[in-house]
Structure formats: C-alpha cells, structure tokens
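So the chains spell out like this:
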Amino acid sequence: MPLSFREFQDRFEQLRANKAFESIVILIIVISALLIGAKTYEESNRFEQVILWLDWAVTIFFLVEILIRLAAEKHIIDFFKKGWNVFDFIVVTASLIPMDYTEMVLLARLLRVFRVLRLISMIPELRILLSALLKALPRMGYVALLMFIIFYIYGAVGSFIFHDVDEKLWGNIALAMLTLFQVATFESWATAVLYPTMEHYPYSWIYFISFIFLNAFIFLNMMIGIVLDVMQKESAQYELETGEGEAAEIHWMRENLQLMQEQMQRIEQKLDQAALPVVSDAQAVDAASSKPSQVQDV
C-alpha cells in the first residue's frame with residue numbers, strides 16, 4: 001500500500017529528529033572542515049582528484065540533508081522562519097558552485113569554508129554560546145566605552161609625563177594608548193615598558209599597577225559577569241523551550257502550584273455556597289422553636 005504524503009512527512013520528521021542522523025551530519029561537517037584544511041597543503045596536489053570527489057560527495061549529502069529538513073516541515077515557509085535554517089540553506093546552495101579552474105573557484109572555496117559554521121546550527125550548546133555572546137555585546141559595549149575613557153585618561157597622563165623616556169612609546173596620546181594596550185595584554189610589558197620608565201621615574205610603577213588593576217581585575221571581571229549572566233538566561237530559555245533541565249522543572253512546578261491554588265479557590269467557593277442553605281435552615285429552625293416559648297410567656 002503506497003504511503004500518503006502526510007506519512008512521508010512524518011517519516012522525514014522522525015529522521016530529522018533522530019540523534020543518529022544528527023550525529024552523522026556533524027561528522028560530515030567535520031570531514032568537510034578537514035577537506036578544506038587538506039587543500040592548504042602542497043602535498044594534497046597528489047590527491048587532488050580524490051579530494052574533489054569527496055568534496056562533491058559532502059556537498060550532495062548536505063543537499064539531501066537540507067531537502068529532508070524541508071520535506072519534514074508541514075509548511076515550507078516555516079523552515080525559513082528560523083535564522084539558522086536560512087544560514088544552512090544559503091551555505092549549502094552556495095556550495096553547489098563548481099570547483100573547477102574558473103574565475104569562481106576562489107569564491108567557491110571561500111563559501112565552502114563557511115560550512116564549518118554549520119556545527120553551530122547543529123549543536124544546541126554552541127547556539128546558546130553564540131546567542132549569549134550576541135546579546136551580551138550591547139552591555140559589553142558600555143564597559144568597553146568606560147575602558148576607552150580610562151585608556152584615554154591614562155594615555156594622556158602617560159604622554160605628558162613619560163614622553164622623554166621613549167618617543168616611540170609615549171610620543172603622543174595615540175602611541176601612549178597603544179603602549180597601554182600592550183601593558184593590558186601583559187605582552188613583555190615589564191621589560192619593554194615598566195623598567196625603562198622606572199629608570200627615569202622610580203615611582204612610575206604606581207601608574208602602571210593602578211592601570212592594570214582597573215583593566216585586568218575590574219573591567220575584565222565585569223565583562224565575564226555580563227557574559228555569564230546572559231548565558232544563564234539563554235540556558236534557562238533553552239530549557240524552557242525543550243522542557244528539560246532545572247528551569248523547566250521550576251516553571252512546571254509554578255504552573256502546577258498556580259493550578260492547585262485555583263482549584264482550592266473553586267473548592268472553597270463551592271463549600272461556601274453549600275454552607276449557605278444549611279445556615280439558613282438552621283436559622284429557620286431556631287426561629288420556629290422560639291415562637292412557642294413566646295406564646296407561653298404571654
């Protein structure tokens with residue numbers, strides 16, 4: 001009995017969600033990256049034809065994989081609503097450019113390099129890291145602006161005080177800021193910058209130590225704190241979307257607690273409504289029993 005279109009879609013969807021299939025795709029991406037790296041060696045000229053066949057085999061596999069993911073969607077337009085799907089589609093279709101000795105060979109090789117980035121779209125943890133980095137950039141920009149202000153102030157002070165030590169290092173504020181960047185990276189800063197300056201100004205170590213303290217300890221930790229905060233939020237969001245992890249359990253407990261509170265409120269309302277007739281009946285009985293006593297008193 002032939003399968004219907006809907007059954008084909010269900011099978012493609014199961015294949016797309018299969019962990020083994022995802023692992024094979026990741027393996028092929030790694031092989032693609034190795035092929036790109038192999039082409040940079042001169043020894044690869046002896047295996048040029050083999051590498052070309054392997055490259056086309058990888059390209060065809062990626063094309064089939066994209067078609068499977070497209071077929072698994074109920075509506076094809078839903079596939080292009082996700083940015084990573086659009087990126088995968090562009091990289092795979094661009095890889096179809098022939099790798100022959102034409103004017104497009106350089107462009108084709110450059111486009112094939114970007115196939116390595118497909119690892120990010122296939123591995124959720126890498127997507128979380130990249131998404132956290134992109135979302136942290138605006139907040140990190142303010143820290144970078146504050147760092148630039150500190151660099152500018154220290155650069156101006158250094159160019160005013162140490163310009164007679166070494167014109168190549170402290171000749172103007174631009175050179176002074178470059179020197180301070182070398183100090184901030186700890187790249188031979190003691191022998192090349194600190195000691196020659198201390199020969200002329202023995203107390204110049206205060207200038208450098210205070211600068212390093214601000215940049216290496218305060219601003220760097222601020223950057224790390226921003227990234228960790230955004231990563232924590234991204235991880236919690238991913239756990240909510242997948243329904244797994246601590247954040248998903250807490251969200252589930254909150255929803256259940258809210259439902260239980262609503263049910264308790266409904267039960268209390270029903271009990272209150274059921275108690276009203278009982279109270280009214282008791283009041284009626286009390287009123288009836290008080291009437292004979294009143295007659296006897298009369």
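Before reading on, note that the structure itself is shown above.
These numbers come from a predicted model, not from an experiment. (Residues numbered from 1 in each chain as written. Predicted model: local features only at pLDDT ≥ 70, side-chain atom pairs only at ≥ 80, totals over all residues. Heavy atoms only, no water.)

A. Structural view of the layout of surface pockets. Each pocket or cavity is described by its volume, and for the largest pocket that value is around 1200 Å³. As for the largest pocket, its lining consists of 33 residues, of which Lys82, Ser121, Pro124, Arg127 and Tyr238 are closest to the centre. Of all the secondary-structure elements, those providing two or more residues to the lining of the largest pocket are helix H1 (5-17), helix H2 (19-38), helix H3 (48-71), helix H4 (76-79), helix H5 (83-94), helix H7 (118-122), helix H8 (124-161) and helix H12 (205-242). If one sorts the elements of the lining of the largest pocket by residue count, H8 sits on top with 7 residues. Looking at the lining of the largest pocket, its residues break down into 12 nonpolar, 5 polar and 16 charged. (1 Å grid on protein atoms, 1.4 Å probe; cavity = no way out; pocket = protein on both sides within 12 Å on 5 of 7 lines; lining within 4 Å. Points joined across faces, edges and corners; volume = space filled by probe spheres on them. Helix = DSSP H or I, 4+ residues; strand = E, 2+ residues; numbered from the N terminus. Nonpolar A, V, L, I, M, F, W, Y, C, P; charged D, E, K, R; others polar.)

B. Here's a closer look at the environment of Gly37. Topologically, Gly37 is positioned in helix H2. Distance from Gly37 to Val113, taken between C-alpha atoms, is 9.1 Å for residues 76 residues apart in sequence.

C. Highlighting the pattern of salt bridges. Taken as a whole and assessed by the stated rule, the structure comprises 7 salt bridges. Linking Asp78 and Lys81 is a salt bridge whose minimum nitrogen-to-oxygen distance equals 3.3 Å. Residue Asp78 is classed as partly exposed on the basis of its relative accessible area, which comes to 25%. Across the salt bridge formed by Asp229 and Lys233, the nearest N and O atoms sit 3.6 Å from each other. (Salt bridge = Lys/Arg side-chain N within 4 Å of Asp/Glu carboxyl O. Buried < 20%, exposed > 50% of the residue type's maximum accessible area, 1.4 Å probe, protein only.)

D. The arrangement of the side chain of Thr179 in detail. Here Thr179 shows up in helix H10 (residues 173-184). Here the side chain of Thr179 touches Leu175 through a polar contact of 2.9 Å, landing on its backbone oxygen. Non-local contacts of Thr179, meaning those with residues more than four positions away in its chain, are made with Leu169, Trp170 and Val193. (Polar contact = N/O pair within 3.5 Å; in protein donor to acceptor, adjacent residues only side chain to side chain. Contact = heavy atoms within 4.5 Å.)

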